[in-house]
Structures are given as C-alpha cells and as structure tokens.
Amino acid sequence: HPVGSPNKDLIMSEQASEAARRSILPLPDVLISQIAAGEVIERPASVVKELLENALDAASRHIELRIEDGGMQRIVVSDDGNGIPPDELALALTRHATSKIRSLEELEQVHSLGFRGEALASIASVARTILRSRSTQDEHAWSLDSTTGEIEPASGAKGTRVEVIDLYAATPARRKFLKSAATEAGHSIEELRRVAIAHPEVSFRVQSEQRVVLAWPSQTWQQRVRSGMGADADHADSLIAFDSGDTAVLRLYGLLGHPERAKSRSDKQYFYVNGRFVRDRLLQAAMRQAYRDVLHHDLQASWCVFLNIAPELVDVNVHPSKFEVRFRDPQAVFRFIALQLADVLKGSG
Ligand code: ADP
Ligand code: MG
C-alpha cells in the first residue's frame, strides 16, 4: 500500500464500503442550487449577465454595474425598475420562483429575458448576496442578506440593487479556472455590451475598480449599435444600415460592416433573436452566406443583426444560458437572412 496516513486509509475504506450501496435521498435544496450554479455561473460575467437581464425585465430606464477585482470580490447591479415588495424578497432568492411565467402557454409566448427562476437562487447559493429593493408601493426600501435570511428596512430610491460578494469564497477550486482581474472585468463589460446593444432606450454606466469605463445615455438603436461595436467615427460611417420593416411574422434590421473593412480574425459580431443575444450555428452560417459574394473567404466582417420573430416560431427554452435557439422552420429563417442581407451588401459597392 502506498504511503498514507492511517486517517486517510480509514476514510478510503469507509468510502469503499459506502460505495457498495448508499440509499437514495433527495438532494438538499441548497445543493441543487449549487449544482445549477456550477452550470450557469461559469465566471463573474455570468453573474453580471443574469443581474442585467433581471434589471431589464423590471422595465428599468437606467442601470449601473460596478465590479471590483474583476467581479470576484464584488459585483453590484443597481436599477430604477419595478422593484420587489418586501414580502417577495425571500422568494426572489428561492429556486424555481419567478414572476415571469405562470404556465406552459406563457412559456411559449415569453417576452422576458428570464423565466426559470433559478439565477438569484444559484448565485446566493455560492456567494453572499444582498438584495435591496423598493417597489412603487413601498414607502422605503427593504434589504435581504442571503447569509442571515433577515429582511430589514433600508434606504434607497425606487428600484433594485443586487450586491454579490466574494463569488468564489466557498469554491476556491473554481477560482483557479479564472483569468486575471483585468480579463474577467473585460468579460463582464463585454456581457454588458451585448445586453445593452439590444436595449438602446436604457442608459448604462459601468464602473470597474473605481473607474468609470462605460457610460451610454439613452440612444436610438443605430447610435447604440455604433457605441456597442466600439466603432470610431470613420468606421461608424462605413457601417451599412438595413431594415426589412415589420412583415407579418418577422423584422430583420441592423448594421453591417463594410466588406472592405473585414479583418482576418472574427471581429464584433452580434446577433439577437427577439432582443436576446445568441450564438447560433444556423445564424452564423446565414451571415457567412450573406457575405459570400463580397468577402474573401478567410476574412471576417463585423455586424450587428436583430431578428424579431413571432415567439411561437422560435423556442428559447433549449439552453440554460439561452445562447441557442430553435426555429420552427430553420431553413426559411436561413434563406430569409442570407438573401436579404446579400441584397443589402450587393448595393454597398
Ligand atoms: P427569473 O429572472 O428567471 O424569474 P431570477 O432568479 O433571476 O429568476 O429572479 C427571480 C425573481 O426576482 C424574478 O422573477 C423577479 O420577479 C425578481 N427580480 C430579480 N431581479 C429583479 C430586479 N432587478 N428588479 C425587479 N425584480 C427582480
Ligand atoms: Mg433572471
């Protein structure tokens, strides 16, 4: 037997005998959330995404994000949205509790970014989470600290503030998979960019390590896409705007990077389906097809495309982070995008 303390041997033999037969037990609730967190909370930016989506679902007009130590020490998202009344604060942190859907019919028609009721519970299961909120009906704000479960009166304007502290305190092993604070902050800011591009009417402000790194006022969609694509004035002028207008079932609009500006590595490419950022094979292929005649095959153009489609023609409930979608008629969607955009680009000269 290799060297090992008697203690270790004892533990190993106990495990071995237990492996023979352990009775089936339901998982404790917190453990279920921690398992879900393992899947959804890959890095600080994943928390940022969930908190921003919640703020947008609450019809906020202004959203602020603050991150410290790349989000590992602290992530704070504050909004001026609808808020949560005090008697529902605990439910907000409860798994599978949501205000967004009530039935399968509502799931199939869902317009909100969230609907699973899992994000806050997952986050609170792996990090201290302080939820402070004030709805229109409340005379003052209330706060709930996930570590104590206590709800207390607090000060604060209408809206919600979620603070996530020491994200990896309980799971230091996970922290080892993360990159430097600067890189993680970059991921969080990119996540905000993705979310914010689809919500031009909302103003955003981001502070990282005490520094304001992004401040976008309420804008038109074209202005916001230009801000989001980080286009300098010159590049911004070369972007080609298009809009199919509302047809019976869909609308396709956005800005296309001029083929002459294409680069050898993949640049800013954003695709949204019903306001949700997606990374989808079919849509990527449709974009490649659209550019095929005007672009050298190993160059990558930048673009930002919004596809709005009747909710019953698309299923968003196929991926926990909802990066993928499933269309009722994928080929029709592919052809529509490829043909429409090839046509736009043909005119670009
Ligand atoms: P989901 O977004 O899928 O419903 P979450 O765990 O993200 O699940 O949030 C749970 C609930 O908490 C939401 O359904 C919503 O009612 C409430 N909530 C969360 N964040 C906010 C916010 N920023 N403003 C208002 N309500 C919020
Ligand atoms: Mg949510």
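Everything below is about the structure printed above this text.
These numbers come from a predicted model, not from an experiment.

What to know about the overall build of the protein chain
For the protein chain, the helix and strand inventory stands at 12 helices and 15 strands. Projecting the C-alpha coordinates of the protein chain onto the three principal axes gives extents of approximately 75 × 65 × 45 Å. Evaluated residue by residue, the protein chain yields a buried proportion of 45% over its 349 residues. The long-range fraction of contacts in the protein chain, counting pairs at least 24 apart against all pairs at least 6 apart in sequence, stands at 67%. Each charge class in the protein chain can be summarised by its mean position, and for the 42 positive and 47 negative side chains these summaries are 4 Å apart.

Some words on the site of ligand 1
Taken together, 19 residues surround ligand 1, and among them Asn 54, Thr 98, Ser 99, Lys 100 and Gly 117 come closest. Between Lys 100 and ligand 1, the recorded distance is 2.6 Å, taken from a side-chain N or O atom to an oxygen atom. Within the backbone of Gly 117, one N or O atom sits 2.7 Å away from an oxygen atom of ligand 1. In the complex, the protein chains occlude 91% of the 530 Å² of accessible area that ligand 1 would expose alone. Partitioned by chemical class, the residues of the shell around ligand 1 number 8 nonpolar, 7 polar and 4 charged.

Section: the sheet that holds strand E1 (residues 62-68)
Spatial strand order, E5-E4-E3-E6-E2-E1-E7-E8: 8 strands in an open sheet with mixed pairing. Each edge of the open sheet is held by one strand with a lone partner, namely strand E5 (151-154) and strand E8 (211-216). With strand direction ignored, the average angle separating the axes of adjacent strands in the sheet is 15°. Relative to strand E6 (residues 159-165), strand E3 (residues 128-134) runs antiparallel, the two being bridged by 7 bridges. Directly across from Ser 133, in E6, lies its bridge partner Thr 160.

A word on the pairing of E3
Two faces belong to every sheet, and in a regular strand the side chains alternate between them. As defined by bridge partners, E3 adjoins strand E4 (residues 141-145) across 4 bridges and the pair is classed as antiparallel. Counted as the bridge partner of Ile 130 is Asp 145 from E4. Hairpin geometry of E3 and E4 is characterised by an intervening segment of 6 residues between the two adjacent antiparallel strands.

Brief notes about the pattern of salt bridges
Taken as a whole, this structure holds 17 salt bridges when the rule is applied. Here Arg 43 and Glu 184 are joined by a salt bridge, their closest N and O atoms 2.9 Å apart. Highlighted residues: Arg 43 in the loop between helix H2 (29-40) and helix H3 (44-57) and Glu 184 in helix H8 (residues 181-197), separated in sequence by 141 residues. Note on accessibility: Arg 43 and Glu 184 belong to one class, buried. Taken together, the shared-partner salt bridges in this structure form one network comprising Arg 66, Glu 68, Arg 74, Arg 161 and Glu 163.

Quick look at the pairing of strand E9 (residues 240-243)
Taking every second residue as pointing to the same face, the buried face of E9 carries Ile 240 and Phe 242, while none of Ala 241 and Asp 243 on the other face is buried. Across 4 bridges, the pairing between E9 and strand E10 (residues 250-256) is antiparallel. Opposite Ile 240, over in E10, you have Leu 256 as the bridge partner. Connecting E9 to the antiparallel partner E10 that follows it, the hairpin turn spans 6 residues, and Gly 245 within it adopts a positive phi of roughly 75°.

Reading guide: rules and limits
Residues numbered from 1 in each chain as written. Chains lettered and ligands numbered in written order. Predicted model: local features only at pLDDT ≥ 70, side-chain atom pairs only at ≥ 80, totals over all residues. Heavy atoms only, no water. Helix = DSSP H or I, 4+ residues; strand = E, 2+ residues; numbered from the N terminus. Buried < 20%, exposed > 50% of the residue type's maximum accessible area, 1.4 Å probe, protein only. Contact = heavy atoms within 4.5 Å. Lys, Arg positive; Asp, Glu negative; His and termini not counted. Charge placed at Lys NZ, Arg CZ, Asp CG, Glu CD. Near = heavy atom within 4 Å. Polar contact = N/O pair within 3.5 Å; in protein donor to acceptor, adjacent residues only side chain to side chain. Areas by Shrake-Rupley, 256 points an atom, 1.4 Å probe, with all protein chains shown as cover. Nonpolar A, V, L, I, M, F, W, Y, C, P; charged D, E, K, R; others polar. Pairing = 2+ DSSP bridges. Axes fitted to C-alpha atoms, helices over the stretch in contact; angles between N-to-C directions. Salt bridge = Lys/Arg side-chain N within 4 Å of Asp/Glu carboxyl O.

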